[in-house]
Amino acid sequence: MRALAPDFRPYSWAMPTPEVAKLAGIDPSQVLRFDQNTPPLPLPSTRPGTIAGALARVSGYPGGGYLPLRRAIADYAGVEPENVVLGAGADDLILLAARAYAGPGDTIAIPPAPTYPLYRIAAQLAGAEVGDDDPVLTFACRPNNPTGALDPLPDARPLVVDEAYFEYCGETAVPLTETDEVIVLRTFSKLFGLAGARVGYAIARRDVADELNARQAPAPVSGLASDLAIAALASRPDAAPVIEERERLAASFRALGLEPCASFTNFLYVPVEDGIAVGEALLRQGIVVRSYPEAIRASVRDAVDDDVLVEALARVLDRPSPVAPAGTRVARTVRATAETRIATRLALDGASRVRVDTGAGLYDHFLEQLAFHAGFDLQLEGAGDLETGDHHTAEDAALAFGAALDAALGDRRGIARYGDAVVPMDDALARAAVDLGGRAHSELQLELDPGMATHMLQSLAQASRASIHVQASGRDAHHVAEAAFKAVGRALRAAVRPEGSGLPSTKGLV
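Residues numbered from 1 in each chain as written. Predicted model: local features only at pLDDT ≥ 70, side-chain atom pairs only at ≥ 80, totals over all residues. Heavy atoms only, no water.

J.: Would you mind going over the overall build of the protein with me for this structure?
T.: Along the protein, the regular secondary structure elements total 15 helices and 20 strands. Its C-alpha radius of gyration of 26 Å places the protein within 12% of the 24 Å reference for a compact globule of 510 residues. Dimensions of the protein, computed from C-alpha atoms along their principal axes, come out at roughly 80 × 55 × 40 Å. Classification of the 510 residues of the protein by burial places 53% in the buried group. (Helix = DSSP H or I, 4+ residues; strand = E, 2+ residues; numbered from the N terminus. Rg over C-alpha atoms; globule rule 2.2 N^0.38 Å. Buried < 20%, exposed > 50% of the residue type's maximum accessible area, 1.4 Å probe, protein only.)

Structure, rendered in structure tokens:
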């Protein structure tokens, strides 16, 4: 086996989630990863039904050169399918470019540190030296990882431009590929949320793409990953909310007395006095960032998760937190079935900050009303097979909400346990009583039901291990159900209220 360069260092991952959980003394589901620069949730298109066809064909090899995927990428990038080279993530294509152009005795130029370490790894695996003296290939990282900077492109050719974060900056070198020996690399791992599927692509002049394809593995992308990527391109996400949240998070860091670097990506590079120590302190709180001697790098997730990071960082630095504390009675769950994927984040001691988005409009509304009137902070997001109707999505959303409520209640010590409420609406009246003693039961009498309301409340009682009693009447099915969900929410508000410290049962058990 050929010896590697003396200074070769393989790519290193941050601590795995189970180990972080053990270190922090929490459940793995509560670990927050800010080190991967990926979205907190995949796209709605990423669900079991998307890959059902590919699963039926999984015993065979992907055939035909992935033409549907190449066409979809070409349409997205404004090129022809012949200009596209596929790879198992952009990392695979970095390695491909290095071995296609360089070998022992050659030199590859890479961006100045700090930058993505795989450029150096790829050069050394090809047997080449890293330097600026007459390079046979030059890598550019634009925007740069980990700083987020949008530096000018080098004039050198051949040039590989890593545009993993292109969607967040909007500037691309693709026009240069029409005439120059420029190769642009992109990935489905970031904005499209398919890091686990490992799909990347290169765009190059036809003759350059042909040479790269000749050197690539026969089937570099799985059929499952190909179908996921095609579906992602058909429902392209908007980078604007991520950019907006990036600026809000940057403002929170500045309120802590820190000064994050200007970023054109979905992460922030934040100089600190001892980034390694800060990263290790955050690990002990179940939060993973990328640590450097002089900085930390944090992915932008969403407002709920980002505020947890800011609050934890404030504790590490012993500074006042500029965000409201998240509280302790919280839960984070993911429920995945053959029909649906539902991610839930719940805080019992909240401020009625609620967002439910599964695509089942009316039933999303009912859950929003329940959580709002309970005073919970709830984010419940996901996707289901709505093409077959609302049933699976609405049912699983209620089950996911109930499971999160059960998890957030913990051992149920110190809660009031019982709650009741009456909610009148213009043409509907609902009465609800709940018992959070730990036994699942439901007695539900909705005079009118728009379809799934009764079943959702049954599912909620089952998954939360609660006894729920409801009587609701009126002239309009929507309002009868809405009043019922509001009443259950008001009853839960009373039942989860802290009250003492013991078990809420004379039997000593819940």
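J.: I would appreciate a short explanation of the sheet that holds strand S18 (residues 428-435) in the present structure.
T.: Each strand in a sheet pairs with another by means of backbone hydrogen bonds, the pair being arranged parallel or else antiparallel. Across the sheet, which stays open at both edges, the four strands sit in the order S17-S18-S20-S19 with mixed pairing between neighbours. Of all strands in the sheet, those bounded by a partner on one side alone are strand S17 (418-425) and strand S19 (441-446). On average, adjacent strands in this sheet sit at an angle of 5° to one another, irrespective of strand direction. Contacts from helix H14 (residues 453-464) reach S19 and strand S20 (467-474), with the element oriented near 165° to S19. Of the strands in this sheet, S17, S18, S19 and S20 are in contact with helix H15 (residues 477-495), which crosses S17 at around 150°. (Pairing = 2+ DSSP bridges. Axes fitted to C-alpha atoms, helices over the stretch in contact; angles between N-to-C directions. Contact = heavy atoms within 4.5 Å.)

J.: Hey, could you run me through the nonpolar core in this one?
T.: One broad trend across soluble globular proteins is that nonpolar side chains are buried collectively. Ranked by size, the top nonpolar core spans 55 residues in total, and within it Phe376, Phe401, Val470 and Val488 carry the most contacts. Ranked by residue count, the leading element in this core is H15, at ten residues. Ile73, Val84, Ala173 and Ile203 belong to the second-largest nonpolar core, a separate cluster that totals 32 residues. (Core = buried A, V, L, I, M, F, W, Y, C linked by side-chain atoms within 4.5 Å.)

J.: I would appreciate a short explanation of the side chain of Ser299 in the present structure.
T.: Counting through the fold element by element, Ser299 comes out in strand S12 (residues 295-299). Within the local environment of Ser299, its side chain forms a polar contact with the backbone nitrogen of Asn37, the two atoms lying 2.7 Å apart. Excluding anything up to four places from it in sequence, Ser299 contacts Phe34, Asp35, Gln36, Asn37, Thr38, Leu249, Asn266, Phe267 and Asp306. (Polar contact = N/O pair within 3.5 Å; in protein donor to acceptor, adjacent residues only side chain to side chain.)

J.: So what exactly am I meant to see when it comes to the sheet that holds strand S13 (residues 330-336) here?
T.: The four strands are arranged S13-S14-S16-S15 in an open sheet whose pairing can be described as mixed. Two strands lie at the open edges of the sheet, namely S13 and strand S15 (354-357), each paired on one side alone. Averaged over neighbouring strand pairs, the angle between their axes works out to 5° when direction is ignored. The sheet contact formed by S15 and strand S16 (residues 377-384) spans four bridges and is parallel.

J.: Can you help me understand helix H5 (residues 118-125) in this one?
T.: Note: α-helices contain 3.6 residues per turn, so residues at a spacing of three or four share the same orientation. Most of H5 is tucked away, with six of its eight residues classed as buried. Along H5, the residues classified as buried are Leu118, Tyr119, Ile121, Ala122, Ala123 and Gln124. Buried residues in H5 make contact with helix H4 (89-101), strand S3 (107-109), strand S4 (129-130), strand S5 (137-141) and strand S6 (159-162).

J.: What am I meant to see in the pattern of salt bridges here?
T.: Two side chains with opposite charge may pair up if their charged atoms get near one another. Under the criterion given, the structure shown has 30 salt bridges. Arg332 is paired through a salt bridge with Asp305; the nearest N and O atoms lie 2.9 Å apart. In this pair, Arg332 is assigned in strand S13 and Asp305 in helix H11 (residues 303-317), connecting sequence segments 27 residues apart. Here Asp305 falls in the buried class, since its relative accessible area comes to 0%. If you follow the salt bridges from partner to partner, you end up with Arg301, Asp302, Asp305, Arg332, Arg345, Arg355, Asp357 and Glu381 in one network. (Salt bridge = Lys/Arg side-chain N within 4 Å of Asp/Glu carboxyl O.)

J.: Please clarify how the environment of Thr187 should be interpreted in this entry.
T.: Checked against the element boundaries, Thr187 lands in strand S7 (residues 182-187). Thr187 sits in the buried class, given a relative accessible area of 6%. With 96 residues separating them in the primary sequence, Thr187 and Asp91 have C-alpha atoms 8.9 Å apart. In this structure, Thr187 is in contact with Ala90, Ala164, Phe192, Val199 and Gly200, ignoring residues within four places of it in sequence. At 2.9 Å, the side chain of Thr187 forms a polar contact with the backbone nitrogen of Ser189.

J.: Would you mind showing me how to read the pairing of S18 here?
T.: On a regular strand, each side chain points to the face opposite its neighbour's, so the side chains alternate between the two faces of the sheet. Taken together, the eight bridges between S17 and S18 define a ladder with antiparallel strand orientation. Residue pairing across strands places Ala421 opposite Ala432, the latter belonging to S18. With eight bridges connecting them, S18 and S20 associate as antiparallel partners. Note on S20: the bridge partner recorded for Arg431 is Gln471.

J.: Looking at this structure, how should I read the state of the cysteines?
T.: Should the sulfur atoms of two cysteines be covalently bonded, the bond is a disulfide. Counted by the stated rule, this structure contains zero disulfides. Of the cysteine sulfurs around Cys169, a residue in no disulfide, the closest is that of Cys141, at 11 Å. Here Cys261 is not cross-linked by a disulfide; its sulfur's nearest cysteine counterpart is in Cys141, at 14 Å. Assessed through its relative accessible area of 30%, Cys261 is described here as partly exposed. (Disulfide = S-S within 2.5 Å.)

J.: Can you walk me through the packing of aromatic side chains in this structure?
T.: Aromatic ring pairs are defined here through the distance separating the ring centres and the angle between the ring planes. Tallying each qualifying case throughout the model produces eleven aromatic pairs. With centroids separated by 5.2 Å and ring planes inclined at 50°, the aromatic side chains of Phe188 and Phe192 adopt a geometry described as tilted. Of the two residues, Phe188 and Phe192, neither departs from the other in class, the shared state being buried. Over the aromatic face of Phe34 sits the side chain of Arg301, whose NZ or CZ is 5.8 Å from the ring centroid. (Phe/Tyr/Trp six-rings, centres within 6.5 Å; stacked < 30°, edge-to-face > 60°. Lys NZ or Arg CZ within 6 Å of the ring centre and 35° of its normal.)

J.: Can you help me understand the packing of helix H13 (residues 391-409) against H14 in this one?
T.: What describes two packed helices is the angle between their axes and the distance between those same axes. Axis separation between H13 and H14 bottoms out at 7 Å; the angle between their running directions is 30°. Here H13 is positioned roughly parallel relative to H14, judged by the angle of their axes. Seen from above, H13 lies across H14 with right-handed handedness. Contacts from His391, Ala394, Glu395, Ala398, Leu399, Phe401, Gly402, Ala403, Leu405 and Asp406 of H13 reach H14 at His455, Met456, Ser459, Leu460, Gln462, Ala463 and Ser464. When grouped by side-chain class, the residues that make up the contact of H13 with H14 number nine nonpolar, six polar and two charged. (Parallel < 35°, antiparallel > 145°, perpendicular 65-115°, else oblique. Left-handed = near helix turned anticlockwise from the far one by under 90°. Nonpolar A, V, L, I, M, F, W, Y, C, P; charged D, E, K, R; others polar.)

J.: Please clarify how the environment of Ala14 should be interpreted in this entry.
T.: Mapping Ala14 onto the fold places it in the segment before helix H1 (17-24). A residue is classified by how much of its surface remains accessible, and Ala14, at 21% relative accessible area, is partly exposed. C-alpha separation for the pair Ala14 and Ala140, spaced 126 residues apart in sequence, amounts to 24 Å. Sequence-distant contacts of Ala14, that is, excluding residues within four places in its chain, are made with Arg33, Asp35, Val288 and Arg290.

Everything listed here is a matter of coordinates, which is why it stays silent on function.
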